[in-house]
Amino acid sequence: AAKKAGRNRVTLFNDDMRDEAQHQLLMHNDIINGLEKGEFDVYYQPIMHMDTGTVEKCEALIRWCHPEKGFIPPNEFIGVAENTGAIRSIGRWVLERVCQDFNRWTDMGLDLSVSINRSVSEFYPSGSHREWEDLVSSYGIDPAKIIFEITESLFMDGNESPVDELKQMRSNGFRFAIDDFGTGYSAINYLRNYPVDFIKIDRSFVMDILDNAQDRTLVEVIIKMGKALGIGVIAEGVENIEQLQALKVFDCDCIQGYYLARPMPVEDFIHFCNAYRPGELGPAEPHVEQY
Ligand code: C2E
Ligand code: MG
Ligand code: MG
Ligand code: MG
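Residues numbered from 1 in each chain as written. Chains lettered and ligands numbered in written order. Predicted model: local features only at pLDDT ≥ 70, side-chain atom pairs only at ≥ 80, totals over all residues. Heavy atoms only, no water.

This part is about the coordination of the magnesium ion (ligand 3). Looking at the metal site, the magnesium ion (ligand 3) is ligated by Asn117 (OD1) and Asp179 (OD), spaced 2.1 to 2.5 Å from it. In this structure, the magnesium ion (ligand 3) lies 3.3 Å away from the magnesium ion (ligand 2), the two metals sharing asparagine 117 as a donor. Of this pair, asparagine 117 sits in strand β4 (residues 113-117) while aspartate 179 sits in strand β6 (residues 175-181), and the two are 62 residues apart along the sequence. Residue classification places asparagine 117 among the partly exposed positions, given a relative accessible area of 30%. (Donors = N, O, S within 2.8 Å, 3.2 Å for Na, K, Ca; no water. Helix = DSSP H or I, 4+ residues; strand = E, 2+ residues; numbered from the N terminus. Buried < 20%, exposed > 50% of the residue type's maximum accessible area, 1.4 Å probe, protein only.)

On average, residues of the chain score 90 in pLDDT, and 91% of them reach the 70 mark or higher. Per-residue pLDDT stays below 50 along residues 283-291; that stretch engages in 19 contacts with residues further than four places along the chain or on separate chains. The complex prediction reports pTM at 0.92, with the ipTM value standing at 0.99. (pLDDT = per-residue confidence, 0-100. Contact = heavy atoms within 4.5 Å.)

For the rest of this paragraph, the subject is the layout of surface pockets. In this structure, the largest pocket occupies an estimated 1100 Å³ of space. If you go around the largest pocket, you meet 38 residues; those closest to its centre are Glu59, Leu61, Asn75, Asn117 and Asp179. Those elements that provide at least two residues to the lining of the largest pocket are β2 (55-66), α2 (74-84), α3 (86-107), β4, β5 (146-150) and β6. Counted by class, the lining of the largest pocket contains 15 nonpolar, 10 polar and 13 charged residues. (1 Å grid on protein atoms, 1.4 Å probe; cavity = no way out; pocket = protein on both sides within 12 Å on 5 of 7 lines; lining within 4 Å. Points joined across faces, edges and corners; volume = space filled by probe spheres on them. Nonpolar A, V, L, I, M, F, W, Y, C, P; charged D, E, K, R; others polar.)

This paragraph deals with the coordination of the magnesium ion (ligand 4). Within the first shell, the magnesium ion (ligand 4) binds the protein through Asp179 (OD), Asp180 (OD), Glu236 (OE) and Glu236 (OE), at distances of 2.1 to 2.4 Å. Between the donor residues of the magnesium ion (ligand 4), the gaps in sequence give the motif D-D-x55-E. Metal-to-metal, the separation of the magnesium ion (ligand 4) and the magnesium ion (ligand 2) is 4.1 Å; aspartate 179 coordinates the two.

Pasting the structure below:
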């Protein structure tokens, strides 16, 4: 943007920046209206335990079907929502929907924990977590069934209050996972000071686990580290049986990915869980000779 403005112009606020600000403002309004008009939905993706082959967890993922623009992927609006503050409305809405869906499948006899993504900015203004705790308790849900997925950036300097709130929520029974592990600020020292319950190995490592020896080693080390620290390890983005088997050899706790199932609407998800038979996909027999 600065380059386009030209060498000789000194601008603090140029055309590109104005366009971007305008885009964000429009999208902000679209999000707030869309939440009221029912344009958003929450999809669920199952997570499988490798030792038993059972589905005991799932991840809630927001979906937006815009009346004119059609499906807009989260990566195209979550970042904007973080900038404009709309993320707090999104987060509240998602949590409430998840609570409703949770009670629905629980009433049908399913026993599942659910993972919910939280951006760092959702922890501001400080104290927001109390609203989430009240919401979960108003639905009569055991906090231990809720896992909040945060990123490593929460542990960066200057985020003292979110970290305090994480600790407080954990002492109230909520659980936490570090999402996209390995892609962010990876001073793993924070795991010692601020323990979490799960680590989710980023999809980019799993993607190359078969043909990139370095990525394979990193995955193995992350899993070993998780075991040593008593932190559960979930591998994201598992798309084929070969990746699943490699993760099985490393004794990874859980897997999530298109190989098991794509994220789906709650009705389909409940149907999936009822039809699913443990061992259908796993536990896979380790093919040790391959590695
Ligand atoms: P994430 O939390 O890392 O979620 C996993 C993403 O990987 C999801 O993308 C999921 O659909 C996708 N995925 C799962 N398995 C596979 C696979 O086998 N292959 C491939 N290629 N992809 C797979 P999605 O739903 O588009 O979400 C993107 C990101 O948007 C999420 O990444 C998360 O950071 C954010 N997000 C989604 N829902 C929410 C939300 O309710 N609140 C917040 N704050 N962020 C959200
Ligand atoms: Mg996630
Ligand atoms: Mg995430
Ligand atoms: Mg992730």
